[in-house]
Amino acid sequence: MKSVVVRFPGSNCDEDMYYALKDLGLAPEFISAQSDASLDEYDAIFLPGGFSYGDYLRTGAIARFSPIMASVQAAAAQGKIVVGICNGFQILTESGLLPGQLMMNEVPGFICDETELVINQKTSAFTNAYTVEQILVPVAHADGRYYADAETLQRLEDQNQIVFKYAENLNGSENRIAGITNEQGNVLGMMPHPERAVETLLGNTDGQNFFKSILATVAAQGVN
């Protein structure tokens, strides 16, 4: 399979994502957010964390207008895997690929820590390799509080779109939501950083099965 990491001006987790994908066999390449190239040759598209365009407006609100986002939208419509981590999650909500909004943490300030995540949807394209109930994953955000109206929250619950929940609600997210998918299940956004939990040297490999799940999903689709 082939994957691609979109680099926005202000991305700062792009290298982390690239090396996690490379080490786990997802054959990544970089592409600039300023490109309007097709993403048809890739099986999975990753929008990394950081501060796209400085996040001087709402986080992700400017990045949604990047030329590459038309190709990301097209890839999502084709059923390709699309993943947004942290700022990438914010961009996915701003661009309408995922419902809801990421807002300022309930207690204002930047959270840099590790947190326990409950795997709420164990058969998704992003969790099928896990055999445990909870994982430990780094978080680093100031605007990570997930918000949606009551109707949307109920729909997310009813349609099993909530993939990850915080074991303890560190940022005030509605229903402890840490990661969700679209209705089709091929687009995922999450605030925690699985790409920072793949190295034995760093003492945490709980993120490895996130990427192995994607590999298994793509393989099941018949893509090499």
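Now for a look at the structure at hand. (Residues numbered from 1 in each chain as written. Predicted model: local features only at pLDDT ≥ 70, side-chain atom pairs only at ≥ 80, totals over all residues. Heavy atoms only, no water.)

Tracing the chain through its elements places Thr 115 in strand β6 (residues 111–119). Classification of Thr 115 as buried rests on a relative accessible area of 8%. With sequence-adjacent residues up to four places away left out, Thr 115 is seen in contact with Ile 135, Leu 136, Val 137, Val 139, Tyr 166, Glu 168 and Leu 170. (Helix = DSSP H or I, 4+ residues; strand = E, 2+ residues; numbered from the N terminus. Buried < 20%, exposed > 50% of the residue type's maximum accessible area, 1.4 Å probe, protein only. Contact = heavy atoms within 4.5 Å.)

Taken together, the side chains of Asp 113, Glu 114, Glu 116 and Glu 168 present a region of like negative charge at the surface. Mapped onto the fold, Glu 116 is located in strand β6. (Patch = residues over 30% accessible without salt bridge, like charges linked within 9 Å, V, L, I, M, F, W, Y side chains within 5 Å. Areas by Shrake-Rupley, 256 points an atom, 1.4 Å probe, with all protein chains shown as cover. Salt bridge = Lys/Arg side-chain N within 4 Å of Asp/Glu carboxyl O. Lys, Arg positive; Asp, Glu negative; His and termini not counted. Charge placed at Lys NZ, Arg CZ, Asp CG, Glu CD.)

The subject of this paragraph is helix α5 (residues 208–220). In a regular helix each residue adds 1.5 Å, so 13 residues correspond to 18 Å; α5 covers 18 Å between its end C-alpha atoms and thus fits that length. Along α5, the positions that sit buried rather than exposed are Gln 208, Phe 210, Phe 211, Ser 213, Ile 214, Thr 217 and Val 218. Here the buried face of α5 lies against α1 (14–23), β3 (44–47), β4 (81–85), β9 (162–166) and β11 (187–190). Count one or two residues on from α5 and you reach Gly 222, which has phi positive near 85°. (Expected span 1.5 Å × (residues − 1).)

Moving on, we get to the pairing of β3. Burial of β3 is two-sided: the residues Ala 44 and Phe 46 facing one way and the residues Ile 45 and Leu 47 facing the other way are all buried. As defined by bridge partners, strand β1 (residues 3–7) adjoins β3 across three bridges and the pair is classed as parallel. Paired with Val 4 across the strands is Ile 45, a residue of β3. Taken together, the four bridges between β3 and β4 define a ladder with parallel strand orientation. (Pairing = 2+ DSSP bridges.)

Taken together, the buried positions of helix α4 (residues 150–158) are Thr 152, Leu 153 and Leu 156. Buried residues in α4, looked at end-on, bunch into an arc of 100°, giving them a common side. Turned more than 90 degrees from where α4 packs its buried face, Ala 150, Glu 151 and Asp 158 sit exposed. Elements that come into contact with the buried residues of α4 comprise β8 (145–147), β9 and β10 (177–181). Just past α4, the residue Asn 160 takes up positive phi, approximately 55°. (Arc of directions from axis to C-beta.)

Here Asp 113 is to be found in strand β6. In sequence terms Asp 113 and Val 137 are 24 residues apart; their C-alpha atoms lie 8.6 Å from each other. Once residues within four sequence positions are removed from consideration, Asp 113 is found in contact with Val 137, Pro 138 and Val 139.

Turning to its location among the elements, Ser 11 is positioned in the loop between β1 and α1. Setting aside anything within four residues of it in sequence, one finds Ser 11 in contact with Val 6, Pro 48, Gly 49, Gly 50 and Phe 51.

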